[in-house]
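# Topology and contacts: notes
One letter stands for each residue in the lines below.
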Amino acid sequence: MLHPARGGRPDVGHLPHRPRVAIIGGGIAGLSAAACLAERGADVRLLEREHYLGGRVGGWQTELVDGHLATMNRGFHAFFRQYYNLRNLLRRADPELAGLVGMSDYPLVHSAGYRDTFAGLPRTPPLNALAFVARSPTFTWRDVTRLRTRAALPLAHVSVPGTYEQLDHLDAASFLDRIGFPKAAQHLAFEVFSRSFFADPGELSAAELVTMFHIYFLGSNEGLLFDVAADCFPRSLWHPLQCYLHRQGVHIHTGTTVESMGPGRHRRFSVQLAHPQSGREALDVDAAVLATDLAGLRTLLQNSPQLGDSAWRRRIAGLRSAPPFLVSRLWLDRPVRHERPGFLGTSGYGPLDNVSVLERYERSASEWARRRAGSVIELHSYALAGSPTVDELRPRVLAELHRVYPETARATIVDERHELRADCPLFPPDGFRERPGVATPDANLVLAGDFVRVDLPVALMERAATAGMCAANELLAGWDTRGHALWSVPDQGRFAALRKLEPTR
Ligand SMILES: Cc1cc2nc3c(=O)[nH]c(=O)nc-3n(C[C@H](O)[C@H](O)[C@H](O)COP(=O)(O)OP(=O)(O)OC[C@H]3O[C@@H](n4cnc5c(N)ncnc54)[C@H](O)[C@@H]3O)c2cc1C
């Protein structure tokens, strides 16, 4: 569904001086805002704390014990085909999306023996759901007849923000119980889904879960199949985009932390930067896009008491981060069995949520695996309780890998890397109303990122890309300059007539 751009002058050339914009954060949201602003002629300065672009989809070099230079990253990412805005961003540098490759299936397995797959399902709703039910061991026709149909109707017709107004007070687990969703299917499909949003179903807003179901299943023709990066993230995605941004005149400064911001002497803001080598520096800008992660934003606001107003700052302070998660990469001296898929979702295997076999799709991993006759495996464990350490988690996660793929128990780990972080946002019940949007109390300051409220059915990477575009559009509107069109899956369910049957809250 197309959301047309707001009209205006073709670029910022009509303004008395060319606006200079600081974009703080070089993840997807910041890169998306940078592209949209530079294309309309703004003088864009992209400031990124790390030495690489991509944020949580970034990657960096690491030398393995065998001397091989590998690229480590923050973990497997699924690029769904309905990520229209993200794909449009990537297409600017890679028109054929050659940096992505299709994943033909990704089974979900439960330790009790259930297995669901998505390959070969029709793509058109509701045929996709009917075909899924027809072959799923966890969701049978008998289960369909037991669904409390009226309570389940919100699953069939989602609208944003209407669905949030209706369901945000509930957690996802209670909603699924309320509608009579079969337990086995809850454990498999929905738990895997919910935990991929870094939260247990009891901690996630029901509105968020229902919107996800709409985006990834019932609301789009693209279905649940996705693409993955054909090589490490920098090579597949960010080096080409960086070249594109350079051609648009964007100045990109990696390894540059924005420590604080305040009123500028010559322009609206003065941005205080710190580089590990060259020390501190100030940059005066007319506008800024805050495209950091949540923790980065909180630190920046603590150091910048003059930004925004107290109500807005309170809303940011109230946002919550999801519990910690672990991404472990193992380089094994033996290959896993040939039938192991590139990606497997798991449920009922302790802390283990999924297993990827990188040589199935990533060029550099496949070269290493071929040379060493081994395998490169990645394990994800989300929504970890308490304050776990890698030393505690490692043996538990390895034991679960050996249960899922027993042949890995006989392999020697040539090398390994672990990333234990807690930098993803949580979308808890009752969080939507207070979630900040792109606009802030200052017309020259906008917010972008995957935690920002965007009233379109988008999530995760696509929410980051969309929020970046909305942030750019907000600034462009203030300069009477044409914005950028956005796309989303339909923002009303395909079964809108069913709305009349629905119980009210
Ligand atoms: C393990 C894992 C798996 C995931 N899998 C998927 C998936 O399969 N599909 C999906 O759609 N999404 C997935 N996601 C979520 C996805 O990665 C995020 O939604 C998305 O990358 C968020 O982008 P962002 O630009 O909002 O934030 P970020 O990527 O966090 O970017 C923020 C940037 O700001 C920088 N920064 C912070 N403070 C400062 C400062 N003071 N100065 C300068 N720079 C600063 C940070 O270094 C960072 O680069 C996954 C995430 C993780 C961690």
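Note that the structure is a prediction, hence the values are computed from the model and not measured.

Calculation notes
Residues numbered from 1 in each chain as written. Predicted model: local features only at pLDDT ≥ 70, side-chain atom pairs only at ≥ 80, totals over all residues. Heavy atoms only, no water. 1 Å grid on protein atoms, 1.4 Å probe; cavity = no way out; pocket = protein on both sides within 12 Å on 5 of 7 lines; lining within 4 Å. Points joined across faces, edges and corners; volume = space filled by probe spheres on them. Nonpolar A, V, L, I, M, F, W, Y, C, P; charged D, E, K, R; others polar. Helix = DSSP H or I, 4+ residues; strand = E, 2+ residues; numbered from the N terminus. Phe/Tyr/Trp six-rings, centres within 6.5 Å; stacked < 30°, edge-to-face > 60°. Buried < 20%, exposed > 50% of the residue type's maximum accessible area, 1.4 Å probe, protein only. Lys NZ or Arg CZ within 6 Å of the ring centre and 35° of its normal. Near = heavy atom within 4 Å. Polar contact = N/O pair within 3.5 Å; in protein donor to acceptor, adjacent residues only side chain to side chain. Areas by Shrake-Rupley, 256 points an atom, 1.4 Å probe, with all protein chains shown as cover. Domains from an automatic or database assignment.

## As for empty space enclosed by the protein
With the rule as written, the count across this model stands at six cavities of 30 Å³ or more. For the largest cavity, the calculated volume is near 90 Å³. Along the lines of polarity and charge, the residues of the lining of the largest cavity split into six nonpolar, three polar and four charged. What lines the second largest cavity is His68, Ala70, Thr71, Cys232, Arg329, Trp331, Leu358, Glu362, Ser364, Ala365, Trp368 and Val376. Listing elements by their share of the lining of the second largest cavity, those giving two or more residues are strand E5 (69-73), strand E16 (325-332) and helix H13 (363-372). A total of three residues in the lining of the second largest cavity trace back to one element, the largest contributor, which is H13. Considering only residue class, the lining of the second largest cavity consists of seven nonpolar, three polar and two charged.

## Quick notes on the packing of aromatic side chains
By the definition in use, this model includes 14 aromatic pairs. On the basis of an interplanar angle of 25° and a centroid distance of 5.4 Å, the ring pair of Tyr52 and Trp60 is categorised as stacked. What makes Tyr52 buried here is its relative accessible area of 16%. Judged by its relative accessible area of 22%, Trp60 falls in the partly exposed class. Considering the side-chain rings of Tyr106 and Phe343, the 6.1 Å spacing of their centres and the 65° angle between planes classify their relative orientation as edge-to-face. Linking Tyr106 in the loop between strand E7 (100-103) and strand E8 (108-110) with Phe343 in strand E17 (residues 343-347), this pair joins segments that are 237 residues apart in sequence. Note on accessibility: Tyr106 and Phe343 belong to one class, buried. Cluster of aromatic residues (ring-pair linked, three or more members): Phe76, Phe80, Tyr83, Tyr106, Tyr216, Phe226, Phe343 and Tyr361. Its guanidinium or amino end placed over the ring of Phe427, Arg463 lies 4.8 Å from that ring's centre, counting from NZ or CZ.

## Things to note about the site of the ligand
Near the ligand lie 35 residues; those nearest to it are Glu48, His77, Ala78, Tyr83 and Asp450. Here Ile28 contributes a backbone N or O atom positioned 3.1 Å from an oxygen atom of the ligand. Coverage of the ligand by the protein amounts to 96% of the 1,000 Å² it exposes when considered alone. Secondary-structure elements contributing two or more residues to the shell around the ligand are helix H1 (28-38), strand E12 (257-263), E16 and helix H15 (460-478). Looking at the shell around the ligand element by element, the count peaks at three residues for H15. Partitioning the shell around the ligand into residue classes produces 17 nonpolar, eleven polar and seven charged. Looking at which domains feed residues into the shell around the ligand, each of domain 1 (2-56 + 233-320 + 427-487) and domain 2 (59-82 + 99-103 + 226-232 + 322-421) gives three or more.

None of the figures reported here should be taken as evidence of function without further support.
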